[in-house]
Amino acid sequence: MDIMKSFSLEGKVALITGASHGIGMAIANAFAAAGATVCFNCSSESSKLRALEAYKANGVDAHGYVCDVCDEEAVKALVAQIKEEVGIIDILVNNAGIIKRIPMLDMSAEDFRKVIDVDLNAPFIVSKAVIPGMIEKGHGKIINICSMMSELGRETVSAYAAAKGGLKMLTRNICSEYGEYNIQCNGIGPGYIATSQTAPLRERQPDGSRHPFDQFIMAKTPAARWGETEDLMGPAVFLASDASNFVNGHILYVDGGILAYFGKQP
Ligand code: NAP
Ligand code: GCO
């Protein structure tokens, strides 16, 4: 076995949902560097065009599409279009996601449903559209972007925690149901990563000091820093490559140690 070759994504077609910036874009760049042809979708034309420029500046010839991951018919059409234009998808990363930070008693059922729709129903919809092609090809990799909230709760994120906890179990179920077709479905659980999703938690205070939540995360993380999107690149390439062919139904937490840590003793 050529160990370094087993990490290569040469000749593979990857779809990373919501890769117009943030974690998805870092993963797409990593896949391209490892040899894959990358496709991504996002929710608006302007976001797609901005992303295509950013990929180009990085030397990546990405295929960009506008598609709402919650719309089953649109997702089916997207997967068919990628098959036609690029090829059958070998690697799917269910990355598109949203969060609404609202105390549960103030949250409308409509807001709760919206978060569940994007963060949990959509990975089901996109996986369902992609798995038949993987079965046809005889292999496939699905990576679901989970969260600390797949394991932990906290104030204001009831819908997000419910969705990401559900996504962990969807991961295990896809592994259980399609493992025999040589499909590996794993999750990545990022810790607190500096992206637009977490920007409100890192805003500087009027006096220039760090946001209280920012200070809280620094203290909760043994690595004593926020994660960068680059921290997800190696783990994602590993789970997309042949190097992880017997890893299935696993959630790889990339959190600087948060889940291992009880907190600073008084
Ligand atoms: P982000 O910067 O806000 O990016 C979110 C992406 O999802 C964007 O590309 C956005 O597209 C896309 N998107 C949202 N709703 C969509 C929809 N209905 N259809 C298609 N695309 C949609 O977020 P991020 O921080 O990189 O997070 C990426 C994933 O990692 C999410 O699932 C998030 O929950 C998860 N995560 C993040 C962290 C963190 O600390 N940042 C930690 C753990 C897990 P547009 O550009 O068009 O809006
Ligand atoms: C929050 C955060 C998180 C993170 C991430 C942690 O408000 O607590 O936004 O949920 O983004 O998912 O892993």
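Residues numbered from 1 in each chain as written. Chains lettered and ligands numbered in written order. Predicted model: local features only at pLDDT ≥ 70, side-chain atom pairs only at ≥ 80, totals over all residues. Heavy atoms only, no water.

Draft legend 1. The arrangement of the pattern of salt bridges in detail. For the structure on display, the rule yields 8 salt bridges. The residue Glu-45 makes a salt bridge to Lys-48 at a minimum N-O spacing of 3.4 Å. Here Lys-48 and Glu-45 lie together in helix H2 (residues 45–57), a separation of 3 residues that amounts to about one turn. Classification of Glu-45 by relative accessible area gives partly exposed; the value is 43%. A salt bridge links Glu-151 to Lys-168, with the nearest nitrogen and oxygen atoms 3.3 Å apart. With Glu-151 in the loop between strand S5 (140–145) and helix H5 (158–178) and Lys-168 in helix H5, this pair connects stretches of sequence that are 17 residues apart. Residue Lys-168 is classed as buried on the basis of its relative accessible area of 13%. (Salt bridge = Lys/Arg side-chain N within 4 Å of Asp/Glu carboxyl O. Helix = DSSP H or I, 4+ residues; strand = E, 2+ residues; numbered from the N terminus. Buried < 20%, exposed > 50% of the residue type's maximum accessible area, 1.4 Å probe, protein only.)

Draft legend 2. The arrangement of the site of ligand 1 in detail. Ligand 1 sits among 31 residues. The nearest are Ser-20, Ser-47, Asn-95, Tyr-160 and Thr-195. Contacts to ligand 1 include Thr-195, whose side-chain N or O atom sits 2.5 Å from an oxygen atom. Look at ligand 1: alone it shows 900 Å² of surface, and the protein chains cover 91% of it. Listing elements by their share of the shell around ligand 1, those giving two or more residues are helix H1 (22–33), strand S2 (37–42) and H5. Counted by class, the shell around ligand 1 contains 14 nonpolar, 15 polar and 2 charged residues. Per-domain counts for the shell around ligand 1 show at least three residues from each of domain 1 (10–191 + 228–257) and domain 2 (194–226). (Near = heavy atom within 4 Å. Polar contact = N/O pair within 3.5 Å; in protein donor to acceptor, adjacent residues only side chain to side chain. Areas by Shrake-Rupley, 256 points an atom, 1.4 Å probe, with all protein chains shown as cover. Nonpolar A, V, L, I, M, F, W, Y, C, P; charged D, E, K, R; others polar. Domains from an automatic or database assignment.)

Draft legend 3. Quick look at the site of ligand 2. As a matter of local geometry, ligand 2 sits amid 14 residues, with Arg-101, Ser-147, Tyr-160, Pro-190 and Tyr-192 nearest to it. With respect to ligand 2, the side chain of Tyr-160 contributes an N or O atom lying 2.6 Å from an oxygen atom. For ligand 2, an oxygen atom lies 2.7 Å from a polar atom in the backbone of Pro-190. The protein chains hide 97% of the 340 Å² of surface that ligand 2 would expose on its own. Each residue belonging to the shell around ligand 2 can be placed in one class, and the counts come to 8 nonpolar, 4 polar and 2 charged. When residues of the shell around ligand 2 are sorted by domain, at least three fall in each of domain 1 (10–191 + 228–257) and domain 2 (194–226).

Draft legend 4. Highlighting the packing of H1 against H2. Between H1 and H2, the least distance of the axes is 11 Å, while the angle of their chain directions is 35°. Between H1 and H2 the crossing geometry is right-handed. On the side of H1, the interface is formed by Gly-24, Met-25, Ala-28 and Asn-29, while H2 contributes Ala-51, Ala-54 and Tyr-55. A per-class count over the contact of H1 with H2 returns 5 nonpolar, 2 polar and no charged. (Axes fitted to C-alpha atoms, helices over the stretch in contact; angles between N-to-C directions. Left-handed = near helix turned anticlockwise from the far one by under 90°. Contact = heavy atoms within 4.5 Å.)

Draft legend 5. Region of interest: the packing of H1 against helix H8 (residues 233–240). H8 packs onto H1 with a crossing angle of 60° between their chain directions and a minimal axis gap of 9 Å. As far as their axial angle goes, H8 and H1 are oblique. Classified by chirality, the crossing of H8 by H1 is right-handed. Contacts from Ala-26, Ile-27, Asn-29, Ala-30 and Phe-31 in H1 reach Met-233, Ala-236, Val-237 and Ala-240 in H8. Across the contact of H1 with H8, the residue classes break down as 8 nonpolar, 1 polar and no charged. (Parallel < 35°, antiparallel > 145°, perpendicular 65-115°, else oblique.)

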